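Close look at the chain arrangement
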Amino acid sequence: TGFYTVTVTATNSVPLSTTLNYVIHILGSAISSPAITVSPSVTCGNTPALVTLTNGSSYNSYVWSTGATTSTISITTTSTVQITVTKNGCSRTGSAVVQIYPTPTVTISGALSYCPPSTSTSIFANGTSPVSYNWDNGAASTYSLSVTSSGTHTVVVSDAHGCKDSASATVTAG
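Residues numbered from 1 in each chain as written. Predicted model: local features only at pLDDT ≥ 70, side-chain atom pairs only at ≥ 80, totals over all residues. Heavy atoms only, no water.

Focus: the state of the cysteines
Tallying each qualifying case throughout the model produces one disulfide. Each sulfur of the disulfide joining Cys 44 and Cys 163 lies 1.9 Å from the other. Between Cys 44 and Cys 163 the disulfide shows an S-S torsion of about -85°. By sign, it is left-handed. Of this pair, Cys 44 sits in strand β4 (residues 43–44) while Cys 163 sits in the loop between β16 (151–159) and β17 (164–173), placing them 119 residues apart in sequence. Judged on exposure class, the residue Cys 44 and its partner Cys 163 are both buried. (Disulfide = S-S within 2.5 Å. Helix = DSSP H or I, 4+ residues; strand = E, 2+ residues; numbered from the N terminus. Buried < 20%, exposed > 50% of the residue type's maximum accessible area, 1.4 Å probe, protein only.)

With respect to the environment of Ser 32
Take Ser 32: it is sitting in the loop between β2 (20–23) and β3 (36–39). It is 10.0 Å that separates the C-alpha atoms of Ser 32 and Thr 93, two residues lying 61 residues apart in sequence. What Ser 32 contacts, discounting residues up to four positions off in sequence, is Asn 55, Ser 58, Tyr 59, Val 85 and Arg 92. (Contact = heavy atoms within 4.5 Å.)

Details of the sheet that holds strand β9 (residues 90–98)
Strands sit in the order β6-β8-β9 across an open sheet of three strands; the sheet is antiparallel. Both outer strands of the open sheet, β6 (61–64) and β9, are each paired with one neighbouring strand and no more. This sheet shows a mean twist of 20° between the axes of neighbouring strands, independent of strand direction. Two strands pair when backbone bridges link them, and strand β8 (residues 79–87) and β9 are joined in this way by nine bridges, in the antiparallel orientation. The partner of Thr 84 across the bridge, within β9, is Thr 93. (Pairing = 2+ DSSP bridges. Axes fitted to C-alpha atoms, helices over the stretch in contact; angles between N-to-C directions.)

Examining the sheet that holds strand β15 (residues 144–147)
Pairing is antiparallel across the open sheet formed by three strands, whose spatial order is β11-β13-β15. Two strands close off the open sheet at either side, each with one partner strand: β11 (106–110) and β15. Each strand of the sheet is rotated relative to its neighbour by a mean of 25°, with strand direction disregarded. By the bridge criterion, four bridges tie strand β13 (residues 121–127) to β15 in an arrangement that is antiparallel. If you follow Ser 122 over to β15, its bridge partner there is Ser 146.

So, the pairing of strand β7 (residues 72–75)
What you see with β7 is a clean split: Ile 73 and Ile 75 sit on the buried side and Thr 72 and Ser 74 on the side with no burial. Here strand β5 (residues 49–53) runs beside β7; their pairing, made up of four bridges, is antiparallel. Paired with Ala 49 across the bridge in β7 is Ile 75.

And the structure:
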C-alpha cells in the first residue's frame, strides 16, 4: 500500500500540472521463482531427461513451454524448457537447459583367431572420439588389447560426459 504523486506536463503549451493520488494494494507476498530440477543431470542417447517443478504446490497453476500442465515432463532432445507459474493472478517464468548427449559407438576389429606357433593376437576398439577405453581384463586407456588366450573380450568406452557403449568379440586359438 502506498501513495504516489503523478505530474503531467503537456508539450508545446503552457505547463499543466495536476496531482493524482493512487492507493496501491499488494495482494499477498511476491510470487516465488519456480524451482526446477533435471534428472539425470547427464543424459545419453535415447534416455529421456525428467524435468520437474519441485515447488509446484506453491502455485495455483503452471504450464510448460511444451504445453504440459503436469509437474514433471519428459524431454528427449537437447533444448531449453520454460515453465510459467501463476499464483493469485500473478505469473513468473523459469527455465532449465536439458542436454542430451549422443552415445559413443565402439566396434572391435583385428584378428579374432591365431594359430600356433603364434601365441597371441591384437584386437582394436574403434570408438567415437573423445573416449576412454576400459577392457574386461583391467587394461584401461588403450584402444588395443593383446590377447593371449581364447575367450570373449569386452571393452567399454566412455566419453567426456560419462556416456558409455560396449562391444565384445570372441577370440579363438587354432
